[in-house]
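Residue-level structure breakdown
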4 protein chains.
Amino acid sequence: MDMNSIDPAKRFFDKKISERERAIFEGGIGLAAIFHQFIGTPVTGVKGSIKKLEKVIEEAALNQPYKKHVKVKINIPSNLSKNEVYNYRSLEGRDLDVTIISEYGSFQATSRMKYISELKYVLMYVENIEKISQ
Amino acid sequence: MDMNSIDPAKRFFDKKISERERAIFEGGIGLAAIFHQFIGTPVTGVKGSIKKLEKVIEEAALNQPYKKHVKVKINIPSNLSKNEVYNYRSLEGRDLDVTIISEYGSFQATSRMKYISELKYVLMYVENIEKISQ
Amino acid sequence: MDMNSIDPAKRFFDKKISERERAIFEGGIGLAAIFHQFIGTPVTGVKGSIKKLEKVIEEAALNQPYKKHVKVKINIPSNLSKNEVYNYRSLEGRDLDVTIISEYGSFQATSRMKYISELKYVLMYVENIEKISQ
Amino acid sequence: MDMNSIDPAKRFFDKKISERERAIFEGGIGLAAIFHQFIGTPVTGVKGSIKKLEKVIEEAALNQPYKKHVKVKINIPSNLSKNEVYNYRSLEGRDLDVTIISEYGSFQATSRMKYISELKYVLMYVENIEKISQ
């Protein structure tokens with residue numbers, strides 16, 4: 001497939017950028033977009049509500065270019081305040097476990113974001129990169 | 001109803017603040033939270049997707065204290081780019097029409113946020129304040 | 001002072017809303033805007049950098065209507081990861097101590113947002129409301 | 001330089017990911033983080049204020065791993081409302097022109113985000129990728 005004919009933005013990229021690199025670049029964009037867009041959202045541990053939020057984040061991320069599949073898992077600890085009124089909190093990075101599969105041309109990158117306890121850090125990384133048959 | 005007994009945060013407020021004023025305060029918080037949390041979300045004009053986002057914003061706002069009812073309407077103009085790939089945009093304040101009903105003690109405030117064309121501004125205002133029977 | 005003549009948005013508000021209530025409403029908006037806008041910003045404990053961020057948040061909040069004075073204090077604990085590379089974190093609500101003085105007509109509201117440990121909650125509240133001579 | 005010894009996160013990445021690809025990935029993260037974190041910030045056209053915001057965004061982005069240099073230019077059109085009170089607006093993606101230089105091992109990527117009028121889109125792209133002497 002010739003990406004020049006279907007990607008109107010391709011010519012803005014350095015010509016040395018390969019399809020594989022572009023798939024990786026789009027994965028990084030997707031993860032950071034989710035983190036910085038949705039952190040702070042008021043959340044409770046209510047299951048149905050969390051499911052809907054996960055779905056909305058997935059669909060928002062899929063709207064961006066070259067995202068093929070997005071899976072969002074929100075892990076809200078159940079030790080929220082027992083207070084009747086102030087019984088929610090803001091979504092934090094460490095609550096998130098996100099997998100984004102981005103595709104560009106004949107390459108597919110699987111990017112992941114999750115809290116790594118030994119790093120004490122919400123890491124964004126490329127879990128897999130491979131050539132796909134198209 | 002004695003709000004002192006059920007609102008553990010009441011004592012942090014100036015004692016001169018009335019129930020009516022508190023209802024109004026909570027309305028203002030709710031509107032600004034929605035604006036600054038969700039602006040920037042990648043959106044398309046796809047109906048089902050927009051409905052889900054509206055619902056998620058409503059539920060997020062309802063998690064905050066003293067919000068009784070939240071209605072979010074997202075108006076995405078259909079003149080999005082016809083481009084195959086870059087055919088979405090970021091949620092803007094002017095896309096939003098939000099109504100929040102906040103209640104505190106025996107008062108109910110209806111707050112609204114929407115784009116006012118003559119002001120060229122996304123206005124947050126109190127549409128109605130009233131005493132309710134409780 | 002007749003706010004009707006200088007506030008083009010006044011007529012959108014319920015006529016029963018007093019100047020005092022409007023000052024309180026604007027305070028609530030200001031606090032929630034700061035919280036939901038800036039939570040997630042990558043921060044380190046570096047003093048100069050924090051000072052600049054505090055200043056920028058103050059100025060952003062002051063751009064909004066009827067904010068008279070804004071004071072932002074960011075408390076970043078020094079126990080950030082000692083890791084050379086991943087030695088920062090995202091700004092959280094509990095890092096913030098914000099005071100907003102909003103004025104409308106002859107009333108001034110002092111609103112505050114800070115983490116209340118006994119509530120395990122970042123509380124937004126009205127610390128003081130008073131009539132001012134204008 | 002052996003990145004294994006200095007990057008504690010390296011082992012989470014697919015081993016097939018090259019230094020060059022990692023530099024590109026980090027660039028994508030940086031651009032999306034800026035977009036989704038700061039869109040919505042209340043801004044005016046006041047020069048000094050804009051300069052401070054640009055600086056704060058640059059420093060926030062530099063806190064993230066492997067960002068070597070960040071340049072943020074905010075272009076606020078001067079046609080803000082002439083209204084005395086509602087004379088600001090929210091920062092939009094199209095206001096931003098951002099350049100991020102990310103380095104990993106012996107590779108340096110220059111990533112850019114700016115509004116491309118012909119695409120009607122705020123594009124994030126890799127402007128340059130090269131091997132550097134280290």
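Small disclaimer: the values here were computed from a predicted structure and weren't measured. (Residues numbered from 1 in each chain as written. Chains lettered and ligands numbered in written order. Predicted model: local features only at pLDDT ≥ 70, side-chain atom pairs only at ≥ 80, totals over all residues. Heavy atoms only, no water.)

1. A look at the relation of the copies chain D and chain A
When chain D is fitted to chain A, the best match, at an RMSD of 0.0 Å, comes from turning it 180 degrees and sliding it 0.0 Å along the axis. Expressed as a symmetry operation, the mapping of one chain copy onto the other fits a two-fold axis. Most of the interface of chain D is mirrored in chain A: 100% of its interface residues are interface residues there too. (Least-squares fit on C-alpha atoms with pLDDT ≥ 70 in both. Contact = heavy atoms within 4.5 Å.)

2. Looking at helix α2 (residues 19–38) of chain D
With 20 residues, α2 of chain D should reach 28 Å at 1.5 Å per residue; the first-to-last C-alpha distance of 29 Å fits that figure. The first or second residue beyond α2 of chain D is Gly40 of chain D, which carries a positive phi of 105 degrees. (Helix = DSSP H or I, 4+ residues; strand = E, 2+ residues; numbered from the N terminus. Expected span 1.5 Å × (residues − 1).)

3. Notes on the relation of the copies chain A and chain B
If you rotate chain A by 180 degrees and push it 0.0 Å along the axis, it lands on chain B with an RMSD of 0.0 Å. When the interface residues of chain A are mapped onto chain B, 100% of them again fall at the interface, so both copies present the same face.

4. Thoughts on the sheet that holds strand β2 (residues 67–74) of chain D
Residue and element names in this part refer to chain D. Strand order in the open sheet formed by four strands is β2-β4-β5-β6, and the pairing between neighbours is antiparallel. Two strands in the sheet have a free side with no partner beyond their single neighbour: β2 and β6 (121–131). The sheet shows a mean angle of 10 degrees between the axes of neighbouring strands, direction not considered. Pairing geometry for β2 and strand β4 (residues 96–104), over seven bridges, is antiparallel. Opposite Lys73, over in β4, you have Asp97 as the bridge partner. The strands touched by α2 within the sheet are β2, β4, β5 (107–116) and β6, with β4 carrying the most contacts at an inclination of about 150 degrees. (Pairing = 2+ DSSP bridges. Axes fitted to C-alpha atoms, helices over the stretch in contact; angles between N-to-C directions.)

5. A look at unusual backbone geometry
Phi is positive for Tyr66 of chain B, close to 65 degrees, though the residue is something other than glycine. Despite not being glycine, Lys120 of chain D has its phi angle at roughly 50 degrees, a positive value. Turning to its location among the elements, Lys120 of chain D is positioned in the loop between β5 and β6. A residue is classified by how much of its surface remains accessible, and Lys120 of chain D, at 62% relative accessible area, is exposed. (Buried < 20%, exposed > 50% of the residue type's maximum accessible area, 1.4 Å probe, protein only.)

6. Let's talk about the packing of aromatic side chains
Using the criterion set out here, one finds 24 aromatic pairs over all chains in the structure. Ring centres of Phe13 of chain A and Phe25 of chain A lie 5.8 Å apart, and the angle between their planes is 90 degrees; this geometry places the pair in the edge-to-face category. Of this pair, Phe13 of chain A sits in the loop between α1 (3–6) and α2 (19–38) while Phe25 of chain A sits in helix α2, placing them twelve residues apart in sequence. Residue classification places Phe13 of chain A among the buried residues on the basis of a relative accessible area of 7%. Cluster of aromatic residues (ring-pair linked, three or more members): Phe12, Phe13 and Phe25 of chain A together with Tyr125 of chain D. Taking NZ or CZ as reference, Arg94 of chain C lies 4.4 Å from the ring centre of Tyr115 of chain C, over its face. (Phe/Tyr/Trp six-rings, centres within 6.5 Å; stacked < 30°, edge-to-face > 60°. Lys NZ or Arg CZ within 6 Å of the ring centre and 35° of its normal.)

7. So, the interface of chain A and chain B
Quoted interface sizes are often the accessible area lost when the parts come together. Contact with chain A, which involves 28 residues of that partner, is made by 28 residues of chain B. The largest contributions to the chain A side of the interface with chain B come from Gln37, Asn63 and Tyr86 of chain A, which together make up 25% of the buried area. The interface formed by chain A and chain B includes two salt bridges. Run the count over chain A and chain B and you get 15 residue pairs in polar contact (both at pLDDT 80 or more). Of all the elements in the fold, those that place two or more residues in the side of chain A that touches chain B are α2, β1 (42–43) and α3 (47–63) of chain A. Here the element with the most residues in the side of chain A that touches chain B is α3 of chain A; it accounts for eight residues. Residues that form the side of chain A that touches chain B fall into these classes: 15 nonpolar, eight polar and five charged. (Buried area = accessible area lost by both parts, 1.4 Å probe. Salt bridge = Lys/Arg side-chain N within 4 Å of Asp/Glu carboxyl O. Polar contact = N/O pair within 3.5 Å; in protein donor to acceptor, adjacent residues only side chain to side chain. Nonpolar A, V, L, I, M, F, W, Y, C, P; charged D, E, K, R; others polar.)

8. Side note on the side chain of Asp95 of chain D
Residue and element names in this part refer to chain D. Checked against the element boundaries, Asp95 lands in the loop between β3 (89–90) and β4. Looking at Asp95, its side chain comes within polar contact range of the main-chain nitrogen of Glu92, at 2.8 Å. The contact partners of Asp95, leaving out residues within four places of it in the chain, are Lys73, Ile74, Asn75, Ile76, Pro77, Arg89 and Ser90.

9. Here we look at the sheet that holds strand β4 (residues 96–104) of chain A
Residue and element names in this part refer to chain A. The sheet built from four strands is open, its strands ordered β2-β4-β5-β6 with antiparallel pairing. Sheet topology places β2 (67–74) and β6 (121–131) at the edges, where each strand pairs with a single neighbour. Direction aside, neighbouring strands of the sheet carry axes that sit 10 degrees apart on average. In terms of strand pairing, β4 meets strand β5 (residues 107–116) through eight bridges, oriented antiparallel. Its bridge partner being in β5, Tyr104 is matched across the sheet by Phe107.

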